[in-house]
Amino acid sequence: MEKMGWRYWLTGLIMGVVLPALATWLGISTVMRFGGLLLVLNGGVAIAVGRLIASKARPMWLLLVLPALYLLGAYGFLPAYTRYFALVYLCVSYLAYGLTATQATQAESKN
């Protein structure tokens, strides 16, 4: 289970499917769903996931988990224009991954 990165799958499932479904069922306003959920919360989680994967030297394909599960949740519970956020989350995660890996490499070369 640990090789498959179950923590990343669970995070992706909660943030990508459960949270959008819950926000829709609770009738949270569109502005709060877009601003609070998609930009702030999921964006922050995408950054955290990218940094964790890089710092723990996990396989890079785990960066695809959150965007893929989010895309499933967006198709089921969110308006059509929100599907593009899957690509945004992938890019943000990859950027955080790359910056963290670069910092770790620079720190190692100084020692």
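Residues take numbers from 1 onward in each chain, read along the sequence in its written order. Local features are withheld for residues below a pLDDT of 70 in this predicted model, meaning they are given only at 70 or higher, and side-chain atom pairs are given and counted only at 80 or more; totals for whole chains, interfaces and linings count all residues. Only hydrogens and water are removed before side-chain values are computed, so all heavy atoms of the structure are retained for them.

Our next topic: the overall build of the chain. Secondary structure summary: the chain contains four helices and zero strands in total. We count a stretch as a helix when DSSP gives it H or I for four or more residues in a row; a strand needs E for two or more, and each element gets its number in order from the N terminus. Helices and strands in the chain line up, N terminus first, as α-α-α-α. Expressed as lengths along the three principal axes of its C-alpha atoms, the size of the chain is roughly 55 × 30 × 20 Å. When each of the 111 residues of the chain is scored for burial, the buried share is 34%. Taking the intrachain contacts of the chain between residues at least 6 apart in sequence as the baseline, contacts between residues at least 24 apart amount to 75%. Shrake-Rupley sampling with a 1.4 Å probe provides the accessible areas, and residues are treated as covered by the protein chains on show and by no other component. Split by element, the accessible area of the chain, about 6900 Å² in all, is 72% carbon and sulfur. Burial here depends on accessible area, computed with a 1.4 Å probe over protein chains only, as a share of the maximum for the residue type. Under 20% is buried, over 50% is exposed, and the range in between is partly exposed. We call two residues in contact whenever any of their non-hydrogen atoms come within 4.5 Å of each other.

For the rest of this paragraph, the subject is the confidence of the model for the chain. Low-confidence regions, as indicated by low pLDDT, have predicted coordinates that should not be scrutinised in detail. Per-residue confidence for the chain gives a mean pLDDT of 89; residues scoring 70 or more make up 92%. On a scale of 0 to 100, pLDDT captures the predictor's confidence in every residue. Mean pLDDT across the elements of the chain ranges from a minimum in helix 4 (residues 85–110), with 86, to a maximum in helix 3 (residues 65–77), with 94.

Next up on the list: the environment of glycine 44. Checked against the element boundaries, glycine 44 lands in helix 2 (residues 30–55). By relative accessible area, which is 36% here, glycine 44 ends up partly exposed. Placed 24 residues apart in sequence, glycine 44 and proline 20 show a C-alpha to C-alpha distance of 15 Å.

Time to look at the layout of surface pockets. If a probe the size of a water molecule is rolled over the atoms, the empty space left behind becomes visible. In this structure, the largest pocket encloses a volume near 160 Å³. Residues are called lining when one of their atoms sits within 4 Å of a cavity or pocket point, these points coming from a 1 Å grid over the protein atoms alone, where a cavity is a set in which a 1.4 Å probe fits but cannot get out and a pocket is an open set with protein on both sides within 12 Å along at least five of seven lines. The wall of the largest pocket is formed by eleven residues, among which Arg7, Tyr8, Thr11, Leu52 and Lys56 lie closest to the centre. If one sorts the elements of the lining of the largest pocket by residue count, helix 1 (residues 6–25) sits on top with four residues. Throughout this entry, Asp, Glu, Lys and Arg are counted as charged residues, while Ala, Val, Leu, Ile, Met, Phe, Trp, Tyr, Cys and Pro are counted as nonpolar. The remaining residues, Gly among them, count as polar. In the lining of the largest pocket, the residues fall into five nonpolar, two polar and four charged. Grid points are joined across faces, edges and corners, and a volume is the space filled by probe spheres set on the points.

A word on the nonpolar core. One finds Leu38, Ile53, Tyr70 and Tyr89 to be the most contacted residues of the largest nonpolar core, which totals 22 residues. Elements represented by at least two residues in this core include exactly helix 1, helix 2, helix 3 and helix 4. Discounting residues that sit within four places of it in the chain, tyrosine 89 has contacts with Leu38, Leu39, Asn42, Gly43, Ala46, Pro67 and Tyr70. As used in this record, nonpolar core signifies buried Ala, Val, Leu, Ile, Met, Phe, Trp, Tyr and Cys residues forming a set joined through side-chain atoms within 4.5 Å.

This part takes up the side chain of threonine 100. Examined against the element boundaries, threonine 100 turns out to sit in helix 4. Judged by its relative accessible area of 12%, threonine 100 is buried. Here a polar contact means two N or O atoms within 3.5 Å. Within protein one must be a hydrogen donor candidate and the other an acceptor candidate, and residues neighboring in sequence count only if both atoms are side-chain atoms. There is a polar contact of 2.8 Å between the side chain of threonine 100 and the backbone oxygen of alanine 96. In this structure, threonine 100 is in contact with Arg51, Ala54 and Ser55, ignoring residues within four places of it in sequence.

What follows concerns the packing of aromatic side chains. Pairing of aromatic rings covers Phe, Tyr and the six-membered ring of Trp, with a centre-to-centre limit of 6.5 Å; geometry is then stacked below 30 degrees between planes, edge-to-face above 60, and tilted otherwise. Applying the stated criterion across every chain, the model contains five aromatic pairs. Ring geometry for tyrosine 70 and tyrosine 89: centres 5.0 Å apart, planes at 85 degrees, overall edge-to-face. Taken together, the residues tyrosine 70 in helix 3 and tyrosine 89 in helix 4 connect sequence positions 19 residues apart. Owing to a relative accessible area of 0%, tyrosine 70 belongs among the buried residues under this scheme. With a relative accessible area of 2%, tyrosine 89 lands in the buried category. By way of ring pairs, the aromatic residues Phe34, Tyr70, Tyr81, Phe85 and Tyr89 are connected into one cluster.

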